[in-house]
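Structural characterization, general
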Amino acid sequence: KCYKLLMGRDKPCEECPLANTFASQESGVLELRHKDAAPIYQLRSFLMSLEPPQVVHAYRDVTEETYMRQKLMQSEKLNSLGLLAGRVAHEINNPLAGILANVQLLLMDFSSEDETHDSIKDIEIAAQRCRKIVRDLLDFSRQNPK
């Protein structure tokens, strides 16, 4: 029995395509994992004749395909994340450049003894931290940082 041979079970699978094909007289497909998680099989049942009822029951090991499909999806997610990071970095970089330019102009207007100078210096330090984050985002997205 396929449920013993392929799945290591004592009784048929709940969604057994063979039993469903006999019952519904329609072809069926099911993807099953072995009780130990691998391998993964795709089971198909095809109705060949009604009288007498004959069904072809085929299985195929799709373990490698399934893992490759999962890796491809993960790769596509990372690619999308990289593109998003690049776009976000460029959108943040433009106003950040304006902030840093204006901070530099303000620092020229105040002497280092002035309390306002220290506050403006804090703004500059925070903006430089943001610029580093933007650079890291651009590096992550594999674009050349500007």
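Residues numbered from 1 in each chain as written. Predicted model: local features only at pLDDT ≥ 70, side-chain atom pairs only at ≥ 80, totals over all residues. Heavy atoms only, no water.

Quick notes on the packing of aromatic side chains
- The tally for this structure, following the rule as stated, stands at one aromatic pair.
- Ring centres 5.6 Å apart and planes at 80° place the aromatic pair Y41 and Y59 in the edge-to-face group. Of the two residues, Y41 sits in strand β2 (residues 40-49) while Y59 sits in strand β3 (residues 54-61), which places them 18 residues apart along the sequence. (Phe/Tyr/Trp six-rings, centres within 6.5 Å; stacked < 30°, edge-to-face > 60°. Helix = DSSP H or I, 4+ residues; strand = E, 2+ residues; numbered from the N terminus.)

Thoughts on the sheet that holds β3
- Read across the sheet, three strands follow the order β1-β2-β3 without closing on themselves; strand pairing throughout is antiparallel. The open sheet has two edge strands, β1 (28-33) and β3, and neither has a second partner. Going from strand to strand, the sheet's axes swing by 20° on average, the running direction of each strand aside.
- In the sheet, β2 pairs with β3 via eight bridges, with the strands oriented antiparallel. Residue pairing in the sheet places S49 in a bridge with Q54 of β3.
- Against the sheet, helix α2 (residues 17-24) touches β1, β2 and β3, its axis set at about 25° to β2.
- Those strands touched by helix α3 (residues 63-109) are β1, β2 and β3, and its axis lies near 80° from that of β1. (Pairing = 2+ DSSP bridges. Axes fitted to C-alpha atoms, helices over the stretch in contact; angles between N-to-C directions. Contact = heavy atoms within 4.5 Å.)

Focus on the pattern of salt bridges
- Here the structure, examined in full by the defined rule, presents three salt bridges.
- The salt bridge involving E65 is made with R60; its shortest N-O contact spans 2.6 Å.
- What makes E65 partly exposed here is its relative accessible area of 38%.
- The class for R60 is partly exposed, based on a relative accessible area of 38%.
- Its salt-bridge partner being K121, residue E124 comes within 2.7 Å of it at the nearest N-O pair. (Salt bridge = Lys/Arg side-chain N within 4 Å of Asp/Glu carboxyl O. Buried < 20%, exposed > 50% of the residue type's maximum accessible area, 1.4 Å probe, protein only.)

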